[in-house]
Amino acid sequence: MFKIQPKASEIKQLNDFLTHGIPVSFLYDGAEYPLGFTEKDGTFYSDDKTLRCDLSVEKYDDAAAVEYLPRFTCVSGEKTGQIKNILVFDRVLPAENCPMLYFAGGTHARIDDFAFKSIKIDKKIELTSNGSGDVLPFFNLQTGKDGVIFGLGYTGWWHAVFEPTDKGVHVKIGLRETDFHLIKDESVRTIKTLVLFWNGELSRSFNLLRNFLVRHCIPVNNSGEPFPLICCSVWGGLKTENQLKLIDFIKKNDLKYDCYWMDAGWHGPDHDAEEFQDFLSEDWAYNQGDWSVNRVNHPDGLSPISKAAHDAGMRLLLWFGTYVCTDNIGWHKDHPEWSDEASRSAEPYTIGMNKTRKTVLHKLNFNDPEARRYIIDEICKTLKESGADCYREDTPPIYGGEDDPGRIGLNELKAVEYLYEYWDELHEKFPGLIIDNCGGGGTHIDLETLSRSYVFWRTDYNCNPESDPTGQQIGNYGISHFVPLVGGGGHCSQGDTYKFRSNLCGPMPFGIFAAGGFGPEQAHTEVPADLDIAWYKQMLDQFNDVKRYLSGSFYPLTGCSDKADEVISYRFDRPDLASGIILTFFRPECKAESIDIAPALPNGEYVFYDYDTRESFEYTTDNKELLTVDSRGPRTARLLKYTKK
């Protein structure tokens, strides 16, 4: 993997920043830290001798960046004083006139999920999110000709404030609400924080972050390369006999899938389950929390399916909604006390579009040690028996129980830390396991989860087989400024090259038929008789050819909105390979026959390959000519690969 070298000026920015200390702040019994604290070897002790504050710091000279993680521990006595208003960053950063803030939205199952946003900081800007549900926890603050990028590692509620002052921008980033004490021997971590410095071109700043995440965060293979997977996605309730027929079809036709994705529906009490996801009945949702295999649809368990998938050269991915349970089944049947207090007294309600069947969904209290151990053991047992290679975590925000008086915010901190420990235990028990990080879409995208997982499906906007690929393009454009290889998901209909290429961003599902729909008339349980195998092979070949570029640098070549008559274009570049790709989308109502773009390539001569015509042409940057991309009609996606001569 290539490395973007930091400038000497950026290293100086980092060192100047560190000379003033890590900008953590909090109140301890009303006094502002570090008042009332004494430092010893980089660790801070309260003068009342009960609290230790550790700042685990890692400096990256190869990226002009620093990561740090504050942790609090009660080291003596029965309890500490009150720890309040924890901020992991609290400092005024010098800025010229009109500083700018760049970030991406979160996921709400809308067409604009993860859209790119920019705001002039001429007044106080506040951002709040639970994980990445409302806002992606990565921000780029442009203070003039330079700037600072922040990244957060916390799958819970965080809050960020950017306020203009006469000296610059006062940045305050921290937990949403904290006011707690710790008891004897108790310890809790806060937010892992990345601070990365840049100056010069804005586009380069985003790529500094992307390159940092690839080299220091995102899982890689033995060659040091990330490994986005392309998956044949099916519904978990599809009966074993039909699963085996589909896998046999994939093998016989030499379809180069990396993974066989079994989504929800395979689990629960033994019953005749739906073989595809009918959004009108939501059968699967009423069987969450019982992670035993439904033996009616899968009489011999899931091992015959994993064996067949492995024999066909694929991993097996298995879906779990780990922390939720339907009323009176699974763990809730035997241990209702493990659930959240609010759900215990809730009136039964319907789920999704099912307006007739009522139940209550309970969140597991992940701070209950018995509940946590039960879930971990149960999931590990199922993974081992099924032979699964990928664990799909599709879960709502983590719940840690109601806070006790004087302990506000502590339960969430602990539950988030236990989540990371749980994933670490999975990796330890199942070497090579891939975790697919979901949660009703990409609600858990942060520094900590990115280091342990991939995102195969970032938005439930794509649950509908008829979802507009514009949503994929908007999300790719927005999130790719900050984080590489976040898969968009989305069903691809046979022959729909436009939709397939709209998904090119990271790992992706690419089913032979849609796993869900509205009503039995849309149900699919076997390979269509008229399947265009050649087209599927072509798309799989394209993915495997271009996936190496998706972890490279990202460059927007046009603007981006949700308008149906526009053209959007962007490129992914690997300077170490002296090549990359350009994706250009002419949306359904676009009347333009072509678009002229400035590809912003380094000077030189290039050979371009057109994946549609399978022809090559030459292009020279020295003459500063624009590159013309033909539309070939509305609703078309052009894919070009370039290589420097």
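So, a few notes on the structure that sits alongside this text. (Residues numbered from 1 in each chain as written. Predicted model: local features only at pLDDT ≥ 70, side-chain atom pairs only at ≥ 80, totals over all residues. Heavy atoms only, no water.)

A closer look at the packing of aromatic side chains
Then, in step 1: Inspection of every chain in the model, using the stated rule, returns 50 aromatic pairs.
Then, in step 2: Cluster of aromatic residues (ring-pair linked, three or more members): Tyr102, Phe116, Phe206, Tyr477, Phe482, Tyr498, Phe554, Tyr570, Phe572 and Phe585.
Then, in step 3: Arg372 extends its terminal NZ or CZ atom over the ring of Tyr418, reaching a point 3.5 Å from the ring centre.
Then, in step 4: Cation over ring: Arg571 sits above Tyr555, and NZ or CZ is 4.2 Å from the ring centre. (Phe/Tyr/Trp six-rings, centres within 6.5 Å; stacked < 30°, edge-to-face > 60°. Lys NZ or Arg CZ within 6 Å of the ring centre and 35° of its normal.)

Topic: the packing of helix α3 (residues 240-252) against helix α4 (residues 303-311)
Then, in step 1: In contact at an axis separation of 9 Å, α3 and α4 are set at 5° when each is read in the N-to-C sense. In terms of orientation, α3 lies roughly parallel with respect to α4. Taken together, the residues of α4 that come into contact with α3 (itself represented by Thr240, Gln243, Leu244, Ile247 and Lys251) are Pro304, Ile305, Ala308, Ala309 and Asp311. (Axes fitted to C-alpha atoms, helices over the stretch in contact; angles between N-to-C directions. Helix = DSSP H or I, 4+ residues; strand = E, 2+ residues; numbered from the N terminus. Parallel < 35°, antiparallel > 145°, perpendicular 65-115°, else oblique. Contact = heavy atoms within 4.5 Å.)

Here we look at the pattern of salt bridges
Then, in step 1: Throughout the structure, instances matching the rule amount to 33 salt bridges.
Then, in step 2: Here Asp61 makes a salt bridge to Lys59, at a shortest N to O gap of 3.5 Å.
Then, in step 3: The class for Asp61 is partly exposed, based on a relative accessible area of 45%.
Then, in step 4: A residue is classified by how much of its surface remains accessible, and Lys59, at 38% relative accessible area, is partly exposed.
Then, in step 5: Of the charged contacts in the structure, one is a salt bridge between Arg452 and Asp424, with a shortest N-O distance of 2.8 Å. Of the two residues, Arg452 sits in the loop between α9 (447-450) and α10 (470-479) while Asp424 sits in helix α8 (residues 410-429), which places them 28 residues apart along the sequence.
Then, in step 6: Given the relative accessible area of 35%, Asp424 is considered partly exposed.
Then, in step 7: A cluster of three or more residues bridged by salt bridges with shared partners is formed by Arg189, Lys192, Asp424, Glu448 and Arg452. (Salt bridge = Lys/Arg side-chain N within 4 Å of Asp/Glu carboxyl O. Buried < 20%, exposed > 50% of the residue type's maximum accessible area, 1.4 Å probe, protein only.)

Considerations on the pairing of strand β5 (residues 51-60)
Then, in step 1: In this structure, strand β4 (residues 43-46) lies alongside β5, joined through three bridges in antiparallel fashion. Within the sheet, the bridge partner assigned to Phe44 lies in β5 and is Cys53.
Then, in step 2: With antiparallel pairing between neighbouring strands as the criterion, β4 and β5 make up a hairpin whose turn holds four residues, including Lys49 at a positive phi of roughly 65°.
Then, in step 3: With ten bridges connecting them, β5 and strand β6 (residues 65-74) associate as antiparallel partners. (Pairing = 2+ DSSP bridges.)

A look at the pairing of strand β19 (residues 259-262)
Then, in step 1: Burial of the side chains of β19 extends over both faces: Cys259 and Trp261 are buried on one face and Tyr260 and Met262 on the other.
Then, in step 2: In the sheet, strand β18 (residues 230-234) pairs with β19 via four bridges, with the strands oriented parallel. Its bridge partner lying in β19, Ser233 is registered against Trp261.
Then, in step 3: Taken together, β18, α3 and β19 form a β-α-β motif whose crossover is right-handed. (Right-handed = clockwise from strand over helix to strand, strands pointing away.)

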